[in-house]
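# Notes for the structure review
Each chain, letter by letter, is given below.
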Amino acid sequence: MARFTAQWPDGRCVLAYARHETMAVVASVPVPGMSPVASSLWELAARHLPSNPANETDAYGTWVLGAGWSMSVMPPAAGIVVHGEAWTLDVLRSAVLKEPAYGSDGVHVGRLTFASPQVMERAAALLG
């Protein structure tokens, strides 16, 4: 997990990347006081890509997947890596890509919540 700019210049969210079977999971972690709309990763992809792409699901899914994957291979110094922690995902969108990208067949996009209050506090501290 790491702090991620969702709206320029100062709209931030906590971005999490995980894997579930052949799919990647790229999600925002809910932080008290943060608007869920401000961290809509699908809408963020839409703002970064040309309007009306030929295949919106593939284009947006690949963009979100690239954002999460890149964070996983080059974790920010202030990021958090956890292993073995239980989490749940509120899936807002899923994209099965035309061709695999970044080692995944697609991506589930949504909001990820950890069962551990301590991990949630650590995530929230990324925005503090």
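What this report covers is the structure whose coordinates are included nearby. Predicted model only: the values in this text are computed from it and were never measured. (Residues numbered from 1 in each chain as written. Predicted model: local features only at pLDDT ≥ 70, side-chain atom pairs only at ≥ 80, totals over all residues. Heavy atoms only, no water.)

In this section: the overall build of the protein. The helix and strand tally for the protein stands at three helices and five strands. For the protein, the sequential pattern of α-helices and β-strands runs β-β-β-α-α-β-β-α. For 128 residues, the compact-globule estimate of 2.2 N^0.38 gives 14 Å, and the protein sits close to it at 14 Å. Burial status across the protein gives 41% buried among its 128 residues. Taking as baseline every contact in the protein between residues at least 6 positions apart, the subset at least 24 positions apart corresponds to 62%. Total accessible area computed for the protein in this model is approximately 7100 Å², and 55% of it derives from carbon and sulfur atoms. Each charge class in the protein was averaged separately, 8 positive and 10 negative side chains, and the resulting centres sit 6 Å apart. (Helix = DSSP H or I, 4+ residues; strand = E, 2+ residues; numbered from the N terminus. Rg over C-alpha atoms; globule rule 2.2 N^0.38 Å. Buried < 20%, exposed > 50% of the residue type's maximum accessible area, 1.4 Å probe, protein only. Contact = heavy atoms within 4.5 Å. Areas by Shrake-Rupley, 256 points an atom, 1.4 Å probe, with all protein chains shown as cover. Lys, Arg positive; Asp, Glu negative; His and termini not counted. Charge placed at Lys NZ, Arg CZ, Asp CG, Glu CD.)

Okay, the environment of P32 next. Checked against the element boundaries, P32 lands in the loop between strand 3 (23-29) and helix 1 (41-48). Linking P32 and A124, residues 92 residues apart in sequence, is a C-alpha distance of 7.6 Å.

Glancing now at the nonpolar core. In terms of nonpolar packing, the biggest core is built from 37 residues, with M1, V14, V29, L41 and V107 touching the most fellow members. Sorting the residues of this core by element identifies strand 1 (2-7), strand 2 (11-20), strand 3, helix 1, helix 2 (56-73), strand 4 (87-101), strand 5 (104-114) and helix 3 (117-125) as the ones contributing at least two each. Excluding anything up to four places from it in sequence, V107 contacts M23, A24, V26, G61, L65, R93, S94 and A95. (Core = buried A, V, L, I, M, F, W, Y, C linked by side-chain atoms within 4.5 Å.)

Shape descriptors only; they carry no functional weight alone.
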